[in-house]
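In case you want the letters, here they are:
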Amino acid sequence: MLVAAMLGLFAWGRIRYDLVAALLLSAAVLLGVVPADKAFLGFANPVIIIIAAVLVLGRAIAVSGVVEAMMRPVLSRLRWVSVQIGLLTGCVTLLSAFMKNVGTLGIFMPIAIQTAERNKRSPSEYLMPLSFGSLMGGTITLVGTSPNLLISTVREEILGRPFQLFDFVPVGLPLSIVALGFLSIGWKLLPNRRNPETSPEKRFQIEHYLTEAVIPEGSAAVNETVSQVEALGDGDVSIVAIVREGGRRYRPRAHWTLFASDVLVLRADPVALEGFIERAGLQLQDKEKVGELESSEGLLGTAEAVVGADSMLVGRTPAQLDLRNRFDVQVLAIGRGGTEITTRLSQTFFRVGDVILLQGPQGAFLELLTRLGCLPLAERNLAIGRRRPKPFALPILLVAMGLVAFHILPVATAFFVAAVLIAVLRLLPAREIYAAIDWQVIIMLGCLLPVGEALKDTGATALIGNILTVATEHVSPTTAIALILTASMLVTPFLHHAAAVLVMGPVAASVAQNLGYAPDPFLMAVALGASCDFLTPIGHQNNLLIMGPGGYRFGDYWRLGLPLSVLVVYLGTRLIEFYWPVH
């Protein structure tokens, strides 16, 4: 019953997954499924420490700029799109083996977009291969992705020993190499929805951005019709709504007359918007506050960014957040990848993957976006006024991996010490260290781990395993592994990938035990399947983050994702069975 409730709430998607996990743990304790004295043992699990430490290390490497410095000279010399995409995806894949994959994607997204603009190509051709490559790279090592860490915990509970750091390499590395080859040419399956002739100033063409402007007294727009005012934007600006009469919102027709004090809800490219505002004599909302901001902070700048999965903006509106008073910044526009926004700008709830245009003091955006939990899409203004930290983070990560590889320190200890060194050497400010940690994931895992253990103890996972055993007892071991891998891959879009592992891991082990097989290949299949959601934008936050910048629609993902999923199931099953025999 608890499992069904959790699956239903995760699939519903209206409640944050960390809150779902907290509700589940609370219910399990109250019902006696989880003993009260064991309710919080999940937070003592080494997995929590490893994930937090990897996030801190990843953020320090990203801020150091060492990756971008190495990539740009190479990319500037390449002219073939397939080679560019292959190189970018290969770097993301490799780095994702040792960093949180959302962090590596955040590093390479601006580079990919700028590479696309420089070669007059669409960002949609670059970003999806990058996202899929980041997911594949996570399958290579223990610390590459949460599913690998969690399946290691499941193995320790079953066999008394966890997977080691490089136990995933025999399956993940060759599979990632083959996937890289496919993505280097498979990008041709993706739609090209952006004009390849876009100018550098329009590199982030955001025809679906929403912003608001007021018609002041004396404006050229007063007593003009909607169509006449839109003509001032040369086709790049549309008036999607008018707010008047004390806040009432109207969807205008072309012949409607505009009056002073009308608030126009505009959809426009920010570059086109600037000239349109001037020609029409309009004022952006909160013009007085912008003036105060500029006079107090100096030169203003703008930055485009994507709202991350752990952003404090998610589920809240600009009005609720009061960004001007709290962070000295204001939201000029919000874009949602082709989805029409019907609410006013100040009352629009932010979602993961939204593209936002911010205005604030130059030199403050890098720290600001970190605090807000957003990924930058442009480098304009982002490094101004902030000195790059010394590039020690990457060597620290390599040393930590060496200590683990030679069995000098356990994984959790080595990565914890590495994260402490990041703080001691001041490679990241203390505030940014805490901001780098995905606390929603930490809370969710801490709550779900004891519940998963309790479900195993109460026989719930064995019951589900018995049902699946009936479906697999008359097939070959190869087919049984493939079925478990496919089932894990299919449930991941409806659950968080970590929750999918905690549900499917014990079930897969139960199936293996019932069939008389070793559990390791089935556990590997669960980890691989939960790491590889290529069919939807909702199964993994990386797929969601590229949706707005890439201009993708929900149905675009299967174009590239379906053949890649088939490749992963076929080749992944063969590799698992070869390196992890069932007997």
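Treat the numbers as computed from the prediction; the structure is a model and nothing was measured.

Some points on the overall build of the protein
Thought 1: A tally of helices and strands in the protein yields 26 helices and 9 strands.
Thought 2: Burial statistics for the protein: of 583 residues in total, 56% are counted as buried.
Thought 3: Relative to all contacts within the protein whose residues are 6 or more apart in sequence, the contacts with residues 24 or more apart total 77%.
Thought 4: Element-wise, carbon and sulfur atoms account for 61% of the exposed surface of the protein, whose accessible area totals about 24100 Å².

Some details on the environment of leucine 88
Thought 1: Within the secondary structure, leucine 88 is located in helix α5 (residues 81-96).
Thought 2: The spacing of leucine 88 and leucine 127 is 39 residues in sequence and 9.7 Å in space, taken between C-alpha atoms.
Thought 3: Residues contacting leucine 88, with those up to four places away along its chain left out, are Met71, Leu75, Phe108, Ile111, Ala112, Thr115, Tyr126 and Leu130.

Considering the pairing of strand β7 (residues 330-335)
Thought 1: Within β7, 6 of the 6 residues are buried, which leaves the element mostly enclosed by the surrounding structure.
Thought 2: Where β7 and strand β8 (residues 355-361) come together, 5 bridges link them in antiparallel fashion. Within the sheet, the bridge partner assigned to alanine 333 lies in β8 and is leucine 357.

A word on the pattern of salt bridges
Thought 1: Tallied over the full model, the rule gives 4 salt bridges.
Thought 2: Across the pair arginine 121 and glutamate 125 runs a salt bridge whose closest N-O atoms are separated by 3.1 Å.
Thought 3: Of the residues examined, arginine 121 reaches a relative accessible area of 30% and is grouped as partly exposed.
Thought 4: By relative accessible area, which is 5% here, glutamate 125 ends up buried.
Thought 5: Note that aspartate 262 is salt-bridged to arginine 244, the shortest N-O span being 2.4 Å. With aspartate 262 in the loop between β3 (248-250) and β4 (263-268) and arginine 244 in strand β2 (residues 237-244), this residue pair connects regions lying 18 residues apart in the sequence.

Quick word on helix α15 (residues 365-372)
Thought 1: Where burial is concerned, most of α15 is hidden: 6 out of the 8 residues are buried.
Thought 2: Listed as buried for α15 are Phe365, Leu366, Leu368, Leu369, Thr370 and Leu372.

Comments concerning the confidence of the model for the protein
Thought 1: With 86% of its residues at a pLDDT of 70 or more, the protein has an overall mean of 82.
Thought 2: Taking the mean pLDDT of every element in the protein, the minimum, 46, falls on helix α12 (residues 287-297) and the maximum, 96, on helix α9 (residues 169-186).
Thought 3: Segment residues 287-298: pLDDT under 50, and 15 contacts once partners within four positions in sequence are set aside and those in other chains are kept.
Thought 4: Note that residues 379-386 has pLDDT below 50 and, in this model, 24 contacts with residues that lie over four places away or in other chains.

Topic: α9
Thought 1: Across its 18 residues, α9 extends 24 Å between first and last C-alpha, which sits within 8% of the 26 Å expected from 1.5 Å per residue.
Thought 2: Within α9, burial applies to Val171, Gly172, Leu175, Ser176, Ala179, Leu183, Ser184 and Gly186.

Here we look at the nonpolar core
Thought 1: Of all hydrophobic cores here, the largest spans 136 residues; its most connected members are Leu88, Phe108, Ile151, Phe415, Ile422, Leu445 and Phe522.
Thought 2: For this core, the leading source of residues is helix α3 (residues 46-64), giving 14 residues.
Thought 3: Excluding anything up to four places from it in sequence, phenylalanine 108 contacts Val67, Met71, Leu88, Cys91, Val92, Leu95 and Leu130.

Notes on the packing of aromatic side chains
Thought 1: Per the stated rule, a full pass over the model turns up 7 aromatic pairs.
Thought 2: Centre to centre, the rings of tyrosine 517 and phenylalanine 522 are 6.0 Å apart; their planes meet at 10 degrees, and the pair counts as stacked.
Thought 3: Among the aromatic side chains, those forming a connected cluster through ring pairs are Phe163, Phe168 and Trp580.
Thought 4: A cation over a ring is seen here: arginine 155 above phenylalanine 163, with NZ or CZ 4.5 Å from the ring centre.

So, a nonpolar patch on the surface
Thought 1: A grouping of Ile49, Phe392, Phe416, Val417, Val420, Leu421, Val424 and Leu425 is seen on the molecular surface, where their side chains present a nonpolar patch of about 660 Å² in accessible area.
Thought 2: Of the residues examined, valine 417 reaches a relative accessible area of 38% and is grouped as partly exposed.

Re the packing of α3 against helix α16 (residues 393-405)
Thought 1: Orientation of α3 relative to α16, taken along the N-to-C sense of each, is 145 degrees, at an axis distance of 8 Å. Contact residues: Leu57, Ala60 and Ile61 in α3; Ala393, Leu394, Ile396 and Leu397 in α16.

Digging into the packing of α5 against α9
Thought 1: Where α5 meets α9, the axes come as close as 8 Å, and the angle between the chain directions of the two elements is 150 degrees. One finds that α5 runs roughly antiparallel with respect to α9. For the pair α5 and α9, the sense of crossing is right-handed. Listed contacts from α9 to Ser82, Ile85, Gly86, Thr89, Gly90 and Thr93 of α5 are Ser176, Leu180, Leu183 and Ser184.
Thought 2: Classifying every residue of the contact of α5 with α9 by side-chain character gives 3 nonpolar, 7 polar and no charged.

Parameters at a glance
- Residues numbered from 1 in each chain as written.
- Predicted model: local features only at pLDDT ≥ 70, side-chain atom pairs only at ≥ 80, totals over all residues.
- Heavy atoms only, no water.
- Helix = DSSP H or I, 4+ residues; strand = E, 2+ residues; numbered from the N terminus.
- Buried < 20%, exposed > 50% of the residue type's maximum accessible area, 1.4 Å probe, protein only.
- Contact = heavy atoms within 4.5 Å.
- Areas by Shrake-Rupley, 256 points an atom, 1.4 Å probe, with all protein chains shown as cover.
- Pairing = 2+ DSSP bridges.
- Salt bridge = Lys/Arg side-chain N within 4 Å of Asp/Glu carboxyl O.
- pLDDT = per-residue confidence, 0-100.
- Expected span 1.5 Å × (residues − 1).
- Core = buried A, V, L, I, M, F, W, Y, C linked by side-chain atoms within 4.5 Å.
- Phe/Tyr/Trp six-rings, centres within 6.5 Å; stacked < 30°, edge-to-face > 60°.
- Lys NZ or Arg CZ within 6 Å of the ring centre and 35° of its normal.
- Patch = residues over 30% accessible without salt bridge, like charges linked within 9 Å, V, L, I, M, F, W, Y side chains within 5 Å.
- Axes fitted to C-alpha atoms, helices over the stretch in contact; angles between N-to-C directions.
- Parallel < 35°, antiparallel > 145°, perpendicular 65-115°, else oblique.
- Left-handed = near helix turned anticlockwise from the far one by under 90°.
- Nonpolar A, V, L, I, M, F, W, Y, C, P; charged D, E, K, R; others polar.

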